[in-house]
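Descriptive structure summary
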Amino acid sequence: QVQLVESGGGLVQPGGAHRLSCTTSTSITTFHAMAWYRLPPGKLRELVAVILSGGTANYADSVKGRFTISRDNAKNTVYLQMNDLKPEDTAVYFCNAEWREARTPVWGRGTQVTVSS
């Protein structure tokens, strides 16, 4: 069974930087796309960033210019570099993987990021 494990969550001060990691139990090249979602308290889950198998990355307007999604195929890991963090970035962040074929996407359990003084 394929599994995704997020790590790197924690408490960060406003204006600070932090990096999340998502390690897969299979090669990330297996997937059509890898993405980061987040669930802020009291709000709906939203897409933060996605990187396609070809390397193209897209971001939510709220994080554009501050967050960067990247991957290391050799380490089976996708990263989310978060810079200039704001209190509204506080959320549980989830890693997501979409297959090339019509299969149920894979989700990690999530990791909490809290931006507060």
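Everything here concerns the structure above.
A brief report on the enclosed structure follows. (Residues numbered from 1 in each chain as written. Predicted model: local features only at pLDDT ≥ 70, side-chain atom pairs only at ≥ 80, totals over all residues. Heavy atoms only, no water.)

1. Overview of the layout of surface pockets
A probe as big as a water molecule, rolled over the atoms, marks out the empty space that is left. In this structure, the largest pocket occupies an estimated 180 Å³ of space. Forming the walls of the largest pocket are Gln1, Val2, Gln3, Leu4, Val5, Glu6, Val106, Trp107 and Arg109. With 3 residues, strand β1 (residues 4-7) is the largest single contributor of residues to the lining of the largest pocket. In terms of residue class, the lining of the largest pocket is made up of 5 nonpolar, 2 polar and 2 charged. (1 Å grid on protein atoms, 1.4 Å probe; cavity = no way out; pocket = protein on both sides within 12 Å on 5 of 7 lines; lining within 4 Å. Points joined across faces, edges and corners; volume = space filled by probe spheres on them. Helix = DSSP H or I, 4+ residues; strand = E, 2+ residues; numbered from the N terminus. Nonpolar A, V, L, I, M, F, W, Y, C, P; charged D, E, K, R; others polar.)

2. Some words on the side chain of threonine 77
Mapping threonine 77 onto the fold places it in strand β8 (residues 77-82). Judged by relative accessible area, threonine 77 falls into the buried class, the value being 5%. A distance of 2.8 Å separates the side chain of threonine 77 from the backbone oxygen of lysine 75, its partner in a polar contact. If near-sequence neighbours (up to four positions away) are discounted, threonine 77 is found in contact with Ser21, Cys22, Thr23, Ile28, Ser70, Arg71 and Asp72. (Buried < 20%, exposed > 50% of the residue type's maximum accessible area, 1.4 Å probe, protein only. Polar contact = N/O pair within 3.5 Å; in protein donor to acceptor, adjacent residues only side chain to side chain. Contact = heavy atoms within 4.5 Å.)

3. Details of the state of the cysteines
A complete count under the given rule lists 1 disulfide for this structure. Across the disulfide from cysteine 22 sits cysteine 95; the S-S distance is 2.0 Å. Around the S-S axis, the bridge from cysteine 22 to cysteine 95 shows a dihedral of about -85° and counts as left-handed. Here cysteine 22 is found in strand β3 (residues 18-24), whereas its partner cysteine 95 is found in strand β9 (residues 91-99), with 73 residues between them in sequence. Here cysteine 95 falls in the buried class, since its relative accessible area comes to 0%. (Disulfide = S-S within 2.5 Å.)

4. Quick word on the environment of threonine 26
Along the chain, the position of threonine 26 falls in the loop between β3 and β4 (31-39). Residue threonine 26 is classed as partly exposed on the basis of its relative accessible area of 23%. Measuring from C-alpha to C-alpha, the distance between threonine 26 and valine 2 comes to 6.5 Å, with 24 residues separating the pair along the chain. In contact with threonine 26, other than residues within four places in its own chain, are Val2, Phe31 and Asn76.

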